[in-house]
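Reading the structure
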Amino acid sequence: FTKQPSLQIEEASSFSQLSVKLSTLLCRQKELPDWLYDGVILGIQQGTPVVDARIKEALNNGIKVNGVWCQDWSGCRKTKFGYQVMWNWEVDEELYPDLKEKIAAWRKQGIRFLGYINPFLAIEKNLYQEAHANGYCVKDIHGEDYLVTITTFPAAMIDFTNPDAYAWYKEKIQTNMIDLGMSGWMADFGEYLPTDAVLYNQQDPMQIHNTWPALWAKLNQEAIAERGKQDEIFFFTRAGYTGTIAASPMMWTGDQHVDWSKDDGIPSVIPASLSLSMMGCGISHSDIGGYTTIMNMTRGEELLMRWEEMNAFSPLMRCHEGNQPIKNVQYNSSPELLNHLRLCTNMHVCLKDYLKQCVQETAEQGIPVMRPLFYHYNEAPAYTEESEYLLGRDLL
């Protein structure tokens with residue numbers, strides 16, 4: 001988990017050569033499954049009947065759909081913050097009855113199923129009881145399970161320094177997600193290891209706090225590789241550190257606000273994407289429409305349409321309902337929005353060969369898909385531009 005600190009300084013005559021050197025040091029992300037380029041992944045919640053209805057509606061409106069992302073596959077928790085996932089990583093049979101059969105049926109339509117997981121467990125559910133009984137959770141200084149409150153509720157965190165706990169969590173991903181038929185998932189969080197925790201291997205949590213996201217990504221990568229599904233299944237992460245690039249196929253830019261604010265709304269996506277690109281994470285995307293609704297902010301039609309346009313020119317198109325879906329405009333809230341998503345998915349699918357070529361460059365050389373203007377143009381404004389980017393070498 002720990003290495004001696006080091007500083008390595010390199011130089012190159014171009015940013016492309018610099019990316020090659022950086023990725024040689026940090027490793028490179030792999031190429032993505034082919035099906036990812038064939039449309040939009042619709043963010044849908046609230047159960048099988050809703051998913052079926054939304055798929056039918058989208059297809060009837062000419063929208064190219066390659067997947068559905070149901071983050072509440074394991075159940076929901078309604079809190080003051082909004083509609084949240086129940087952190088118990090097995091199918092909620094009430095919301096999604098006969099899900100394995102439904103996933104197979106959707107697959108026949110060319111539509112993949114994606115889910116959600118993170119390193120926490122809901123303390124009122126059965127998986128936590130199993131983890132607790134086996135001593136698999138991170139402990140506090142009193143020897144009790146360390147309960148961390150992320151939004152409005154406490155949850156336990158799996159201790160990945162315990163080999164048995166690590167293997168147990170990996171097996172849950174394999175059995176409850178991969179064997180179910182999932183083609184991908186959001187591997188959320190990873191950054192919340194308490195710095196005063198007590199770990200199984202007795203290491204100082206201050207020393208390995210930052211490496212935790214990389215360890216979390218590695219666990220997900222191994223779960224897929226051990227099932228032999230590397231060319232079919234992917235996951236995406238938000239938190240990261242040195243080592244994440246070697247394990248995570250794709251990043252996403254976090255939980256933006258559903259507004260136009262520069263600090264954390266839609267204008268923050270391009271700088272975040274380019275920052276990821278220049279530090280070695282060459283494949284990334286964002287939640288279409290943003291995620292976070294707090295105070296009086298709500299997502300309007302124009303914001304959603306502009307976000308769809310932006311993400312059509314990225315490696316992946318994926319919608320998100322947000323933490324308070326009922327307060328926000330969704331992709332199907334009006335005929336105009338459905339038509340706009342159709343246009344954007346058509347553009348994205350037309351770029352398939354080009355995007356695959358860009359991703360191949362990332363996998364082979366570490367050259368990012370989305371690039372700042374200064375990457376290829378040594379002009380003063382290119383070093384301060386925050387609202388434009390190059391998609392590969394040929395598209396601005």
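Scroll up to find the structure this text is about.
Rules used throughout
Residues numbered from 1 in each chain as written. Predicted model: local features only at pLDDT ≥ 70, side-chain atom pairs only at ≥ 80, totals over all residues. Heavy atoms only, no water. Buried < 20%, exposed > 50% of the residue type's maximum accessible area, 1.4 Å probe, protein only. Helix = DSSP H or I, 4+ residues; strand = E, 2+ residues; numbered from the N terminus. Pairing = 2+ DSSP bridges. Expected span 1.5 Å × (residues − 1). Contact = heavy atoms within 4.5 Å. Polar contact = N/O pair within 3.5 Å; in protein donor to acceptor, adjacent residues only side chain to side chain. Core = buried A, V, L, I, M, F, W, Y, C linked by side-chain atoms within 4.5 Å.

1. Structural notes on the pairing of strand β1 (residues 40–43)
Side chains V40 and L42 of β1 all project onto a buried face; the interleaved residues I41 and G43 project onto the opposite face, where all are buried too. Strand direction decides the pairing type here: β1 and strand β2 (residues 65–69), joined by four bridges, are parallel. Paired with I41 across the bridge in β2 is G67.

2. Looking at helix α5 (residues 163–178)
Between its first and last C-alpha atoms α5 spans 21 Å; for 16 residues at 1.5 Å apiece the expected length is 22 Å, and the two agree. Those residues of α5 that sit buried are A165, Y166, W168, Y169, K170, K172, I173, Q174, N176, M177 and I178. Contacts made by the buried residues of α5 are with β5 (112–117), β6 (120–122), α4 (126–133), β9 (184–187) and α7 (212–226). Its side-chain oxygen at 2.9 Å from the backbone nitrogen of D164, N162 defines the N-terminal cap of α5.

3. Re unusual backbone geometry
We note that Q202 has phi near 65 degrees; this positive angle belongs to a residue other than glycine. Here Q202 shows up in the loop between β9 and α6 (205–208). The class of Q202 is exposed, set by a relative accessible area of 63%.

4. Things to note about the nonpolar core
Nonpolar side chains in soluble globular proteins tend to end up buried together. Counting 112 residues, the largest nonpolar core has W87, W89, Y169 and W185 as its most contacted members. In this structure W89 touches W73, S74, Y116, I117, N118, F120, L121, L127, Y169 and N176, once residues within four positions along its chain are discounted. In this structure, L26, I245, M251 and L276 belong to the second largest nonpolar core, which totals five residues.

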